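Descriptive analysis of the structure
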Amino acid sequence: MSTTTVAASAATADASAEPTFEELARRVDEAVTAVAELEPSARKAADELKAAIEAVHKAGLVTIVRRLREGDETRAALFELVDDPVVHLLLSLHGIVRPDPTTHANRVLVEVRPQLQSHGGDVTLDRVEDGVAYVRLEGACNGCSMSSVTLRNLVESALVEGVPAIRAVEVLKNQPTPTLITLDALRIGPSREKEGWVRAGAASDIPEGGMSRFDLVAESGDKADVVVVNIEQRLTAYRNECAHEGLPLDDAIIDTANGTLTCPWHGFCFDASSGECLSAPGAQLEQLPMRVDGGEVWIRIET
Ligand code: FES
């Protein structure tokens, strides 16, 4: 077989290989990025070429879809084809089929997400049911500050105005994440001071609905600045450092009704029992192992 024949066979084999959906999507993304980096006049020409080719494709696709809709058998084949992800993407890009409400809502949220994230917030779509989009809001989208309300309104209007099938938005409650402390860390042995436990003071001295601050020094010489929060007689010990910028928390505002503490410096709000930050996803106060033994509060500062 000549070199030319081998090359021709390889080209035929390559041409017949079906590109995957991911490969096609990647090629489109790469081309869009490359076009965006062109000089303005070249970009304009590329955009015009793209629009002209798309117009030809759309005209052809509309004709194909119309003809397939006409017969019972061909209509069944059309519906099967529309379930294929590449065909669905192609037809929806040309506005010939509408994406389902969930896909459409997720696309709309992709557009508003950068704005939410630039303010420390985020949104996830849980489901769309009977025209209602159920979403979870995170970080700065939660709470009752003006900016939280503005971000929530942004999500709501993007979904209601951008997705015809959605008429309302419901915000779901976020699940608190528990703080895990190992059982070993909680065990107080007979030589507790040697195990890093330090007596902080009498539990009865920690005001209900408030907090007390302690400068603790372990037998090893390790030191810790600690606050103990008392919400309805439930005590929790944290390092006296906000998860935002590490500033002290001992002047935090405690809201016993909601079980929260709010840092006085920049207003980040935390679940007082778990230390989970309700203002910024993923941020967490450092909780320390704590026991009440004979009315005395013991805190382990070396874990
Ligand atoms: S240091 Fe606490 S909110 Fe900034």
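Before reading further, recall that the structure is shown in the block above.
Here is a short report on the structure shown in this document. (Residues numbered from 1 in each chain as written. Predicted model: local features only at pLDDT ≥ 70, side-chain atom pairs only at ≥ 80, totals over all residues. Heavy atoms only, no water.)

Let's shift gears to the overall build of the protein chain. Scanning the protein chain for helices and strands turns up 8 helices and 13 strands. Within the protein chain, the proportion of its 303 residues that are buried is 31%. For the protein chain, the share of sequence-separated contacts (at least 6 apart) that also reach a separation of at least 24 residues comes to 48%. A total accessible area of about 18700 Å² is found for the protein chain, and carbon and sulfur atoms account for 54% of it. (Helix = DSSP H or I, 4+ residues; strand = E, 2+ residues; numbered from the N terminus. Buried < 20%, exposed > 50% of the residue type's maximum accessible area, 1.4 Å probe, protein only. Contact = heavy atoms within 4.5 Å. Areas by Shrake-Rupley, 256 points an atom, 1.4 Å probe, with all protein chains shown as cover.)

Turning next to the packing of aromatic side chains. This model, assessed by the stated rule, comprises 0 aromatic pairs. In this structure, R127 packs its charged tip against the face of Y134, placed 4.0 Å from the ring centre. (Phe/Tyr/Trp six-rings, centres within 6.5 Å; stacked < 30°, edge-to-face > 60°. Lys NZ or Arg CZ within 6 Å of the ring centre and 35° of its normal.)

Right, let's talk about the environment of E219 for a bit. Along the chain, E219 falls in the loop between β5 (210-217) and β6 (223-231). C-alpha separation for the pair E219 and E195, spaced 24 residues apart in sequence, amounts to 8.6 Å.

Moving on, we get to the pairing of strand β12 (residues 290-293). When β12 meets strand β13 (residues 296-300), the two strands line up antiparallel, connected through 4 bridges. In the sheet register, R291 faces β13, and the bridge partner there is W298. (Pairing = 2+ DSSP bridges.)

The subject of this paragraph is the pattern of salt bridges. Applying the stated rule across the entire model yields 12 salt bridges. A salt bridge links E54 to K50, with the nearest nitrogen and oxygen atoms 3.7 Å apart. Of this pair, E54 and K50 are both found in helix α3 (residues 40-70), 4 residues apart, which corresponds to roughly one turn of the helix. With its nearest N and O atoms 3.8 Å apart, the salt bridge here joins E70 to R67. Placement of both E70 and R67 in helix α3 is noted, with a separation of 3 residues, approximately one turn of the helix. In this pair, the class of E70 matches that of R67, namely exposed. Counted as one network, the salt bridges with shared partners bring together D126, R127, E129 and R136. (Salt bridge = Lys/Arg side-chain N within 4 Å of Asp/Glu carboxyl O.)

With respect to topology, 4 strands assemble into an open sheet ordered β5-β6-β7-β11, the strand pairing being antiparallel. Looking at strand neighbours, the two that pair on one side only are β5 and β11 (287-288), the edges of this open sheet. Where β5 and β6 come together, 8 bridges link them in antiparallel fashion. From the neighbouring strand, S212 faces β6, where its bridge partner is V228.

Attention shifts here to helix α6 (residues 101-118). Think of an α-helix as 3.6 residues a turn; residues three or four steps apart then line up on the same face. A rise of 1.5 Å per residue sets the reference length of α6, with its 18 residues, at 26 Å; its end C-alpha atoms lie 26 Å apart and thus fit the reference within 8%. At V112, α6 shows its strongest bend, of approximately 40°, with the proline P114 following within four residues. (Expected span 1.5 Å × (residues − 1). Bend = angle between axes of the 7 residues up to and from the residue.)

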